[in-house]
Amino acid sequence: MTLMPVRALCAGSRGSLVRSLIYQFFAPVAIVAIGGALEALTGYWAFTLLGFVAGVVLAAVFAQRALARLAQLQLIASRQFAPGRAGQVVSWPRDNGDEIDEALHHAEAFVSSASARWAEESERVRHLSNVLDRMRDAVIQVDAHGVVTYGNLAAAKIFGGRNPAGRSFIRVVRDHQLDDLVRHALETGEDGQRTIALLGDSRVMNAIVVRINQFPREALVVLRDITELHRLQDIRREFVASVSHELQPPLGAIKVMAGTILDLQPDNAEVRQVIAAIDEEIDSMTAMVDDLLDISQLEKGSESLRYETVDPAELVDVAISRLRPRAGQAGINLTVAPADALAPIRADGKRLQHALINLVTNAIDHTPEGGRIEVGVTQAAAETTFTVADDGEGIAEADIDRIWERFFKSDRSRSEPGTGLGLAIVKHVALAHGGKIAVESKPGSGATFRISVPDGTRDAAPRVRQ
Ligand SMILES: Nc1ncnc2c1ncn2[C@@H]1O[C@H](COP(=O)(O)OP(=O)(O)OP(=O)(O)O)[C@@H](O)[C@H]1O
Ligand SMILES: [Mg+2]
């Protein structure tokens, strides 16, 4: 057997931990054996004693080194993973070149790259958090249990100076319909939007709800303070309402005066013609002023409505019987779609009637002779829907989102009578009831308009600004 130099034995063999352990075990045993062999050869027992003492000392040195290594590893591990040290790499001495060193080397490389990623991510999170805190809009993140998991600085300011994180969303916003929108977004992924008035505060907020994660489900609510916009819209509404209101008496007076002139010159054909034209213009101006006043009222939301119990089928019948002569004159077949028995609803009957008449009038105006118009009403899911479908000229794709705007008329309708306020009234009637509007149309294939209103007496409509 080859004798190994003591330094090599003490240092352990480079490269192989197993080999080194074998040496460290066999070297003391070999020294004891050599002592014994020398005694056998020479007869001196001192060799055995010397071999034994040397073996024990060597074994003790190896054991101490192994324990020291373990203690070193423990120290490094405890330093590396100590709380608060994330992101800092602790380097350790590498002097044995065995498998432990190799493992430590890999661990160091791993920790170092993880630390770099961690530092990068931390920087990104810090940056994002800074950006969100500088926003004037409140940003709130809600988890699947309806608990707020994040709120930026603006959210804390809006909701009593306390960050909403950790509290239930409904307790923070105190608006059940907004809470419903968040739940709906979490379940279906559909975005939502709502205008809310903050409790105990005069501020009005526009809330936009989006689902940002599906696993785990999380929704983001962005609240924008629209108090100023709201105030300006109030001023505009009041202005339009006052002007319209002020215009009504003089228009009425001009109409009466025109009638008086006609009475004074009953036989003058020229005067009769001019007065008829004045009369027509005054009628259309009065209609426009009435419509503008109506929209201003409807913009106040449900408070402008006179709720009563209404039979939806009767609303349709009245609209049809009023417009059947006009449809007949235009050579259009106006029919009512067959309906199941309908329950009465709580709504402003006069306004709904007006909206329905506007839709049917439009359908007559935009359907050529020989065309068909069908008016129907259905009830489902606590909602009553009125439908007016024609097979007329249809609406161009570019116009379809604009037809609800005040004074909008498509290019081809511009030469025709009408102010372009009819559909704006339809929209505001539906919204004031807490309902909705829809249109489907393709140019040349007719148009289908729908107004849906909730059945109950619930006051679903916040003040609407569109
Ligand atoms: N059924 C329809 N088919 C095709 N186009 C339509 C239909 N209904 C409305 N439109 C288009 O939408 C525009 C706006 O309609 P709206 O009822 O608001 O105004 P109007 O009918 O032109 O005037 P008003 O109703 O004030 O007398 C119309 O000018 C027309 O271009
Ligand atoms: Mg119209």
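Chemist: I keep staring at the sheet that holds strand β3 (residues 192–197) and nothing clicks. Help me out?
Modeler: The 5 strands lie next to each other as β2-β1-β5-β4-β3, forming an open sheet whose pairing is antiparallel. Strand pairing shows two members of the sheet lacking a second neighbour, β2 (148–151) and β3, which therefore form its edges. Taken over all neighbouring pairs, the strand axes of this sheet differ in orientation by 25° on average, direction set aside. Strand direction decides the pairing type here: strand β4 (residues 204–213) and strand β5 (residues 218–225), joined by 8 bridges, are antiparallel. When the bridges of β5 are listed, R211 appears paired with A219.

Chemist: Looking at this model, I keep getting lost on the packing of aromatic side chains. Mind explaining?
Modeler: Working definition: an aromatic ring pair is given by the centre-to-centre distance plus the angle between the planes. Inspection of every chain in the model, using the stated rule, returns 3 aromatic pairs. With a centroid separation of 5.1 Å and an interplanar angle of 80°, the aromatic rings of F25 and F26 are classed as edge-to-face. Under the relative-accessibility criterion, F26 is labelled partly exposed at 44%. Between W404 and F449 the ring centres are 5.8 Å apart and the planes differ by 75°, which places this aromatic pair in the edge-to-face class. Highlighted residues: W404 in the loop between β10 (383–390) and α12 (422–432) and F449 in strand β12 (residues 447–454), separated in sequence by 45 residues. Comparing W404 with F449 shows no difference in burial state: the two are buried.

Chemist: Looking at this structure, I do not really get the pairing of strand β11 (residues 436–441). What am I missing?
Modeler: The side chains of a regular strand alternate, first on one face of the sheet and then on the other. In the sheet, β11 pairs with β12 via 6 bridges, with the strands oriented antiparallel. Residue pairing across strands places I437 opposite I451, the latter belonging to β12. Two successive antiparallel strands, β11 and β12, enclose a turn made up of 5 residues, where G444 displays a positive phi of approximately 90°.

Chemist: Teacher, can you tell me more about the sheet that holds β12 here?
Modeler: Spatially, the 5 strands line up as an open sheet ordered β7-β9-β10-β12-β11, and their pairing is mixed. At either end of the open sheet lies a strand with only one pairing partner, and these are β7 (333–336) and β11. In this sheet, neighbouring strand axes are inclined to one another by 15° on average, regardless of whether the strands run parallel or antiparallel. With 4 bridges connecting them, β7 and strand β9 (residues 372–380) associate as parallel partners. Note on β9: the bridge partner recorded for T335 is E374. Running over the sheet, helix α10 (residues 312–329) touches β7, β9 and β10 and is turned about 170° from β7. Sitting on the sheet, helix α11 (residues 349–365) touches β7, β9, β10 and β12, and the angle it makes with β10 is about 20°.

Chemist: What's the story with the confidence of the model for the chain in this structure? I'm lost.
Modeler: Detailed reading of the predicted model is not advised wherever pLDDT is low. Mean pLDDT for the chain: 86, with 90% of residues reaching 70 or above. In the predicted structure, residues 1–13 sits below a pLDDT of 50 and forms 20 contacts with residues beyond four places in sequence or in another chain. Low confidence marks residues 457–466, where pLDDT is under 50. Its contacts with residues over four positions away, or in another chain, come to 31 contacts.

Chemist: How should the site of ligand 1 be read in this particular structure?
Modeler: Near ligand 1 you find 18 residues, and of these N362, K409, S410, S413 and L423 are the closest. A distance of 2.9 Å separates a nitrogen atom of ligand 1 from a polar atom in the side chain of D390. For ligand 1, whose unbound accessible area comes to 590 Å², protein coverage reaches 91%. Partitioned by chemical class, the residues of the shell around ligand 1 number 7 nonpolar, 9 polar and 2 charged.

About the criteria used
- Residues numbered from 1 in each chain as written.
- Chains lettered and ligands numbered in written order.
- Predicted model: local features only at pLDDT ≥ 70, side-chain atom pairs only at ≥ 80, totals over all residues.
- Heavy atoms only, no water.
- Pairing = 2+ DSSP bridges.
- Helix = DSSP H or I, 4+ residues; strand = E, 2+ residues; numbered from the N terminus.
- Axes fitted to C-alpha atoms, helices over the stretch in contact; angles between N-to-C directions.
- Phe/Tyr/Trp six-rings, centres within 6.5 Å; stacked < 30°, edge-to-face > 60°.
- Buried < 20%, exposed > 50% of the residue type's maximum accessible area, 1.4 Å probe, protein only.
- Contact = heavy atoms within 4.5 Å.
- pLDDT = per-residue confidence, 0-100.
- Near = heavy atom within 4 Å.
- Polar contact = N/O pair within 3.5 Å; in protein donor to acceptor, adjacent residues only side chain to side chain.
- Areas by Shrake-Rupley, 256 points an atom, 1.4 Å probe, with all protein chains shown as cover.
- Nonpolar A, V, L, I, M, F, W, Y, C, P; charged D, E, K, R; others polar.

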